[in-house]
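Here's the letter readout for the chains.
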2 protein chains.
Amino acid sequence: MQSSPRARRATMTDVARAAQVSLKTVSRYVNGETNIDPVIGARIAEAIAALRFRRNMAAASIRPGQRSQLVGLIIEDVANPFYSALTRSVELALRAAGLLLLAASSEEDPVRFTRLIEQLIERRVDGLIVVAPSHPEPGWPELAREIPALVILDRFDDTIDADSIVGDDVGGGTAATELLVGSGARRIAFVGEALGLSTINGRYQGYLAALAAAGLTADPALVIDGVRTSDDVCTAVTELLRPGVQVDAFFAANNLASLGVLKAFRRLGISRPIVGYDDFESAALVQPAVTVVSHSVADMGRRSAELLLARIDGDRTPAHHLVLPATTTLRASHRAPIPHRPDPPLTEMTTTP
Amino acid sequence: MQSSPRARRATMTDVARAAQVSLKTVSRYVNGETNIDPVIGARIAEAIAALRFRRNMAAASIRPGQRSQLVGLIIEDVANPFYSALTRSVELALRAAGLLLLAASSEEDPVRFTRLIEQLIERRVDGLIVVAPSHPEPGWPELAREIPALVILDRFDDTIDADSIVGDDVGGGTAATELLVGSGARRIAFVGEALGLSTINGRYQGYLAALAAAGLTADPALVIDGVRTSDDVCTAVTELLRPGVQVDAFFAANNLASLGVLKAFRRLGISRPIVGYDDFESAALVQPAVTVVSHSVADMGRRSAELLLARIDGDRTPAHHLVLPATTTLRASHRAPIPHRPDPPLTEMTTTP
DNA sequence: CTGTTAGCGCCTTCAG
DNA sequence: CTGAAGGCGCTAACAG
């Protein structure tokens, strides 16, 4: 089974022989060049069909100056809806230009990230779109310089001289926090995956700024980070909500955090005002529907592909740095009721002198 | 910006010259062959680093018998969580074998599907994992024969002689429906994307079988199909639930259908018993938590990669056809209250003579 | 409009 | 353990 005794694939030479023309004429035909005698063209077409000839793009692209028509995309994890949506919009934009996408997940592992880039360079991708891990290997800036065309996504990195597209994380973090403050919350928890990520950190800065602007003091005990899964988040939130600790509201700084906080609410049978970051499909389905701040993933993907394509086409202008605006999707969760807790928190949280 | 004036990449010949050895010795070194003088090896390593040499895999793979170390995956849409999870598990299994994944979305478009396969053959992928559209172009079986190694996923197709992995859709559909029947529902709606899909159709057959076994008659008016998005589903469900039509419960035959039904519930402010097909991240978060029947996507991805790898390694045994068992995740939604509606439906539904 | 020649970067004989 | 010659499938000159 599985195809016949592995017949050797027909080559252009075979086609040329069958069609009684020279190799080069077949090449011209296959490459869609116009100046070909229709009669000969028909003969070639016939031979191609009969022999099931398929052009070998690998062979066609080894010559310097030729392109592989391949673009690499390195993200953290395709299974994360944020990245799968991104992948999709990049693929869409690339397809329009006839390019294929080699997508790979780094899983935030610096070593794997480096290895993937090397593999993609070995494939001679025409360009690379990359979401770098928070702590790439020290050789990363040098490696990046080897990439013919590069666009950095989502997380800004000023050690790399390349186009970049990020979201307005600080602005978004501010907006999210203001929403919660506006609902009367004073003790607002910040839940993020890792403050080492520039995105989460930006949102955290926004959070701090909004608190300060409202005259509220930030309590480090209300910050959850260093969590990798929504179950981690759920556990951490459950712990934070132990009796005696007053938490008025939650700012969940990415979709993973949102899911984790909601899981904790479900488990504890409670609810608090919450604003999430990054929209997610079920945000409108849960009770109450979750208000979120987000950037347009579709824009990010599409524009990164456009920037890359321009570079591949030889654009040599200085690096572009796009910042996508944060938009707020008001649903209901930011103004859920805040339980009144007159008793002072019994925690050791005021550790600052 | 964007790398310096496009310096030509170093080739093996350059490395050989710099290291004062022959081309072939460099080749041996790069390919990890053991019989190399350590002193010479060190000299080569030095030259490689100095010249930033990167092996050109495209050039290495044009020789017949050589592999591209590339595998293609064609799915319907990466942004769909079912497929992104699948992509992830395939990528994981492939990475262990050092292969890279070329993933592409067909969007259920037969023409695009054919085009993608052709593109992947032109890249000389070592193998292909494919979720075929419901109505592929007529040439598909012939095209499939050109693929060196092929695994068909999710939707069974007996016109193709290749390994396949599908879920037990009939069994799963039966189980889902039985759950609803067991909760006292008699008029159970079936919501599927398209009955032309073998998966949805299998689940539908299971639904019919379970109804028959329970002595219930299937009402065609309770079947929703031909919907492409969860918003379509929401609209259709909203319409189905118009006054006068009694619907006791919903069987949502894929994740898109589940989301659509839940949206409709939210919009109408009602609830009915529901069982979904395919698990989804927020299933446990909505109220009530959604009971689902599903197959292990991780298994499907991993095993398909394993089958493919075996074929690539020369396995010539007859095609394997795996059927993954359906598992039920009991949450709460299958026994939501059924509103009592004593008044007979006023619809023209009993069109069967 | 077509064919000949050379060579891309690498790997495979087969000698040394 | 190393090297020289030849060729993979294709495209770029440069003739005819």
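Residues numbered from 1 in each chain as written. Chains lettered and ligands numbered in written order. Predicted model: local features only at pLDDT ≥ 70, side-chain atom pairs only at ≥ 80, totals over all residues. Heavy atoms only, no water.

Draft legend 1. Just the protein's contact with DNA strand D, in detail. Around DNA strand D, 26 residues are found, and the nearest of them are A:M12, A:R55, B:T25, B:I40 and B:R63. The sugar-phosphate backbone supplies 61% of the atoms of DNA strand D found within 4 Å of the protein. Contact distances for DNA strand D include 2.9 Å between a phosphate oxygen and a side-chain N or O atom of A:S27. Within the side chain of B:R28, an N or O atom sits 3.1 Å from a base nitrogen of DNA strand D. For the surface near DNA strand D, the elements supplying multiple residues, two or more each, are α2 (23-30) and α4 (57-60) of chain A together with α2 (23-30) of chain B. (Near = heavy atom within 4 Å. Polar contact = N/O pair within 3.5 Å; in protein donor to acceptor, adjacent residues only side chain to side chain. Helix = DSSP H or I, 4+ residues; strand = E, 2+ residues; numbered from the N terminus.)

Draft legend 2. Up close: the UniProt feature "domain: HTH lacI-type" (unreviewed entry) in chain A. Using the residue numbers shown here, the UniProt feature "domain: HTH lacI-type" (unreviewed entry) corresponds to residues 10-64 of chain A. Between the first and last C-alpha atoms of residues 10-64 of chain A the distance is 24 Å; the span itself is 62% helix and 0% strand. (UniProt positions renumbered as here; feature names shortened; annotations may be inferred.)

Draft legend 3. Expanded view of the relation of the copies chain A and chain B. With an axial shift of 0.0 Å and an RMSD of 0.1 Å, the rotation relating chain A to chain B amounts to 180 degrees. Given the turn and translation reported, the copies of this chain are related as if by a two-fold rotation axis. Interface overlap between copies: 100% of the residues of chain A at the interface are likewise at the interface in chain B, consistent with a symmetric, same-surface contact. (Least-squares fit on C-alpha atoms with pLDDT ≥ 70 in both. Contact = heavy atoms within 4.5 Å.)

Draft legend 4. Spotlight on the interface of chain A and chain B. Each side of the interface is counted separately: chain A has 73 residues, and chain B has 73 residues. Around 6,700 Å² of area is buried between chain A and chain B when both sides are counted, 50% of it from carbon and sulfur atoms. At the surface where chain A touches chain B, the tally comes to 14 salt bridges. For A:E107, the salt bridge identified is with B:R95, shortest N-O distance 3.0 Å. For the side of chain A that touches chain B, the secondary-structure elements that each account for two or more residues are α4, α5 (81-96), β2 (100-105), α6 (110-122), α7 (140-146) and α11 (255-268) of chain A. Grouping the amino acids of the side of chain A that touches chain B by side-chain chemistry returns 33 nonpolar, 15 polar and 25 charged. (Buried area = accessible area lost by both parts, 1.4 Å probe. Salt bridge = Lys/Arg side-chain N within 4 Å of Asp/Glu carboxyl O. Nonpolar A, V, L, I, M, F, W, Y, C, P; charged D, E, K, R; others polar.)

Draft legend 5. Quick look at the side chain of B:E122. Counting through the fold element by element, B:E122 comes out in helix α6 (residues 110-122). This buried residue, B:E122, is left without a salt bridge; B:R115 holds the nearest opposite charge, at 4.5 Å. Excluding residues that lie within four positions of it along the chain, B:E122 makes contacts with A:R55, A:N56, A:M57, A:A58 and B:R115. (Buried < 20%, exposed > 50% of the residue type's maximum accessible area, 1.4 Å probe, protein only. Lys, Arg positive; Asp, Glu negative; His and termini not counted.)

Draft legend 6. Highlighting the packing of aromatic side chains. Residues and elements named next belong to chain A. Going through the model one piece at a time under the given rule, you end up with 16 aromatic pairs over all chains. Seen from their ring centres, F82 and Y83 are 5.2 Å apart, and the 85 degrees between their planes marks the pair as edge-to-face. Side by side, F82 and Y83 carry an identical accessibility label, which is buried. Between F190 and Y204, the aromatic rings sit 5.0 Å apart at their centres with planes inclined by 65 degrees, giving edge-to-face as the arrangement. Placement of the pair is F190 in strand β6 (residues 188-191) and Y204 in helix α9 (residues 198-213), with a sequence separation of 14 residues. As far as the burial class goes, F190 and Y204 line up, both buried. Members of the aromatic cluster, connected to one another through ring pairs, are F190, Y204, Y207, F251 and Y277. Geometry around Y277 places R203 over its ring, the cationic atom sitting 3.8 Å from the centre. (Phe/Tyr/Trp six-rings, centres within 6.5 Å; stacked < 30°, edge-to-face > 60°. Lys NZ or Arg CZ within 6 Å of the ring centre and 35° of its normal.)

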